[in-house]
Amino acid sequence: MRSCSVFISLLLALLSSSPVEGHWTKKAELNLKLKNGSKTEISIQKASAIESLRGGGNARKVERGGNNKKIEKVVTPVKVVPAESKLLYNLRIGSYFFLWYSLNVGYNYHNKKTLNMISAPLTLSALQLVVGVVYVGLLWLFRLRSAPGLSIENIKVLNPIGFCHAASHLSAVVGLGAGSVSFAHIVKAMEPFFTALFSAIFLKQFFPLPVYASLIPVVAGVALASLKELNFSIVALGGAMGSNVAAASRAILAKKSMSAPKGTNMGPANLYGVLTIIATIVLVPIAAILEGPKIMALWDAAVSKGFAGELITRHALLSGLYFYLYNEVAFLALDAVHPVVHAVGNTLKRVFVIASGVILFGNQITPLGLVGSALAIVGVLVFSLVKEYYSNKKV
């Protein structure tokens, strides 16, 4: 499992790195000079991309005319990124979605295993973020990925988004620890409901009636699944709902700050890395204050139940690595595909995770609970498609 994690980390580092620079194009700059002369003459000196790479001359076009003007067109080569073939694009997108689903299942597995052994959700959520910071920090340190350039103003813009990221993660870990993996993800399907609600309240952005109507099956499905959940826990419900509220707030803040500069080298992978650092700074002190004084007692209690300290540590660290990687891949996938494709992929991912919870942990779902789960998941997909349809009609 550990060797698999290392391989996935290296693969992701390659997938999220900057594209290879290839072809070259030419850019013209004009300089006007006065010179005596009446004869029109045109001469062109060419320079190849290879010559320019070696420090060769620029391409130069000189025109002389009877109007006593001399026009020099200096053509200098500049880099452009080569077009990606359809095959390579499909392979890259397929890799994103495969890693997204697999890493998400891996995270839920190791996260739940850890919480089943030691009930310390605050410490675990903080540790998971720290693991992500170490991972991305090593990528930047060894130049496997270009480090971002941030000013104080850039950080101020990102701080509220990072705070919501911390709140969403902490709430989700609390919910996953108190209830089943399947139930937590069914409740988390309600995130679009809160996004639509907050968009109306804070952004004054209203959707057509059919968009809101498509949320009714989501709410009904989650309510039905909650009523028929065999291991229902108010803490699990509250944690998952809290995660929805924080995630929707993060989306609203990100949209409000869309026009604000966020620094250099801030692609989707580095953006998530910076948000993780901010969330870590927020969450570590909270975990230290609220859970720090009793963490050793919780550790001793877990060991006394027969759980080896090495086993607890391994599951905790792997949960952190999987959490960071699956979220980074989700950012990369969102940046690379159409929103509808991402919405469908996100819906299928939820089905994948719920099914894995049933298989890996034996989570039981009643027939009515299954109907509610299906209703909520399909409702999310319909909401995404209807919202995208009306967004395109406005354009």
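Residues numbered from 1 in each chain as written. Predicted model: local features only at pLDDT ≥ 70, side-chain atom pairs only at ≥ 80, totals over all residues. Heavy atoms only, no water.

Regarding the overall build of the chain
Test applied: Secondary structure follows DSSP: runs of H or I at least 4 residues long count as helices, runs of E at least 2 residues long count as strands, and numbering of each begins at the N terminus. Exposure categories follow from relative accessible area, calculated using a 1.4 Å probe and restricted to protein chains: below 20% of the type maximum is buried, above 50% is exposed, and the middle band is partly exposed. Surface accessibility in these figures is a Shrake-Rupley result with a 1.4 Å probe; residues are shielded only by whichever protein chains are displayed.
A tally of helices and strands in the chain yields 15 helices and four strands. The proportion of buried residues among the 395 residues of the chain is 41%. Summing over all exposed atoms, the chain offers an accessible surface of approximately 20,600 Å²; the carbon and sulfur share of this is 67%.

Concerning the nonpolar core
General note: in soluble globular proteins, nonpolar side chains tend to be found buried as a group. Applied cut-off: Among the buried residues, those of types Ala, Val, Leu, Ile, Met, Phe, Trp, Tyr and Cys that are joined through side-chain atoms within 4.5 Å form a nonpolar core.
In this structure, Y96, F97, W100, L103, Y107 and L158 are the most contacted members of the largest nonpolar core, which totals 50 residues. Sorting the residues of this core by element identifies α3 (86–117), α4 (121–141), α5 (152–178), α6 (181–187), α11 (268–290) and α13 (309–336) as the ones contributing at least two each. Ranked by size, the runner-up nonpolar core spans 20 residues in total, among them M190, F198, A236 and V380.

Quick look at the packing of α5 against helix α10 (residues 234–256)
Heads up, the condition is: In this analysis an axis means a line fitted to C-alpha atoms, helices contributing only their contacting stretch, and an angle means the value between N-to-C directions, from 0 to 180 degrees. Here roughly perpendicular refers to angles of 65 to 115 degrees, roughly parallel to angles under 35, roughly antiparallel to angles over 145, and oblique to all remaining angles. Each crossing is labelled by how the near helix is turned from the far one, with a counterclockwise turn of less than a right angle marking it left-handed and a clockwise turn marking it right-handed. Contacts were defined at the residue level, with two residues in contact if any of their heavy atoms lie within 4.5 Å. Gly counts as polar in this scheme, as do all residues outside two lists: the nonpolar Ala, Val, Leu, Ile, Met, Phe, Trp, Tyr, Cys and Pro, and the charged Asp, Glu, Lys and Arg.
Look at α5 against α10: their axes get within 7 Å of each other, and the N-to-C directions meet at 160°. On the basis of the axis angle, α5 is roughly antiparallel to α10. Two packed elements cross with a definite hand, and for α5 against α10 that hand is left-handed. Every residue of α10 that contacts α5 at P160, I161, C164, H165, A167, S168, S171, A172, V174, G175 and A178 is listed here: V235, A236, G239, A240, G242, S243, A246, A247, S249, R250, L253 and A254. Here the residues of the contact of α5 with α10 are counted per class, giving 14 nonpolar, eight polar and one charged.

Some words on the packing of α3 against α13
Packing of α3 against α13 leaves a shortest axis separation of 7 Å and a crossing angle of 150°. Here α3 is positioned roughly antiparallel relative to α13, judged by the angle of their axes. As for how α3 packs across α13, the hand of that crossing is left-handed.

Topic: the packing of aromatic side chains
To keep things clear, this is the line we draw: Pairing of aromatic side chains here covers Phe, Tyr and the six-membered ring of Trp, requires ring centres within 6.5 Å, and sorts the geometry by plane angle: under 30 degrees stacked, over 60 edge-to-face, intermediate tilted.
Counted under the stated rule, the structure contains 15 aromatic pairs. Ring geometry for Y272 versus F331: centroids 5.1 Å apart, planes at 50°, classification tilted. One end of the pair, Y272, is in helix α11; the other, F331, is in helix α13, and 59 residues separate them in sequence. The exposure class assigned to F331 is partly exposed, which follows from its relative accessible area of 26%. Considering the side-chain rings of Y389 and Y390, the 5.1 Å spacing of their centres and the 80° angle between planes classify their relative orientation as edge-to-face. Residue classification places Y389 among the partly exposed residues on the basis of a relative accessible area of 47%. Taken together, the ring pairs in this structure connect F97, W100, Y101 and F352 into an aromatic cluster.

Here we look at unusual backbone geometry
The phi dihedral of K204 is positive, around 55°, even though this residue is not glycine. Under the relative-accessibility criterion, K204 is labelled exposed at 61%.

What to know about helix α9 (residues 216–227)
Keep this limit in mind: To estimate how far a helix should reach, multiply one less than its number of residues by 1.5 Å. The directions from the helix axis to the C-beta atoms are what the arc is built from.
An ideal rise of 1.5 Å per residue puts 16 Å on twelve residues; α9 measures up with 17 Å between its terminal C-alpha atoms. The set of residues buried in α9 consists of V218, G221, V222, A225 and S226. Down the axis of α9, the buried set is contained in an arc of 130°. They therefore lie on one face. Exposed and oriented more than 90 degrees from the buried face of α9 are I216 and L227.

Thoughts on the confidence of the model for the chain
Here is the rule: What pLDDT conveys is the predictor's confidence in a given residue, as a value from 0 to 100.
Confidence in the prediction for the chain averages 80 pLDDT; 76% of positions are at 70 or higher. Overall, residues 18–62 carries pLDDT values under 50, and its contacts beyond four positions in sequence, including any with other chains, amount to 98 contacts. A low-confidence stretch, residues 73–81 stays under pLDDT 50, and its non-local contacts, those more than four residues away or across chains, total 39 contacts.

Some points on a nonpolar patch on the surface
The following threshold applies: Like-charged residues within 9 Å of one another, or nonpolar side chains (Val, Leu, Ile, Met, Phe, Trp, Tyr) within 5 Å, are grouped into patches, provided each residue has over 30% relative accessible area and no salt bridge. Only one rule defines a salt bridge in this text: a Lys or Arg side-chain nitrogen within 4 Å of an Asp or Glu carboxyl oxygen.
A contiguous nonpolar surface patch, about 780 Å² in accessible area, is contributed by L127, V130, V134, L138, L141, F142, L144, V284 and L317. Take the nonpolar patch: its biggest share by element is five residues, from α4. Residue L144 is classed as partly exposed on the basis of its relative accessible area of 47%.

A word on the side chain of K188
Here is the rule: Residues scored as positive are Lys and Arg, those scored as negative are Asp and Glu, and His as well as the terminal groups of each chain are ignored. Contacts described as polar in this section are N or O atom pairs within 3.5 Å, which, within protein, must combine one atom able to donate a hydrogen with one able to accept it, while residues neighboring in sequence count only if both atoms come from side chains.
Looking at where K188 falls in the secondary structure, it is placed in the loop between α6 and α7 (191–202). Among buried charged residues, K188 stands out as having no salt bridge; its nearest opposite-charge side chain is E191, 5.0 Å away. Of the polar contacts made by the side chain of K188, one reaches the side chain of S243; its length is 3.0 Å. With residues near it in sequence (within four places) discarded, K188 still touches A172, A240, S243, N244 and R350.

Quick word on the pattern of salt bridges
Under the defined criterion, the tally for this structure stands at two salt bridges. A salt bridge links E328 to R145, with the shortest nitrogen-to-oxygen separation between them at 3.0 Å. Of this pair, E328 sits in helix α13 while R145 sits in the loop between α4 and α5, and the two are 183 residues apart along the sequence. In terms of burial, E328 and R145 fall into one category: buried.

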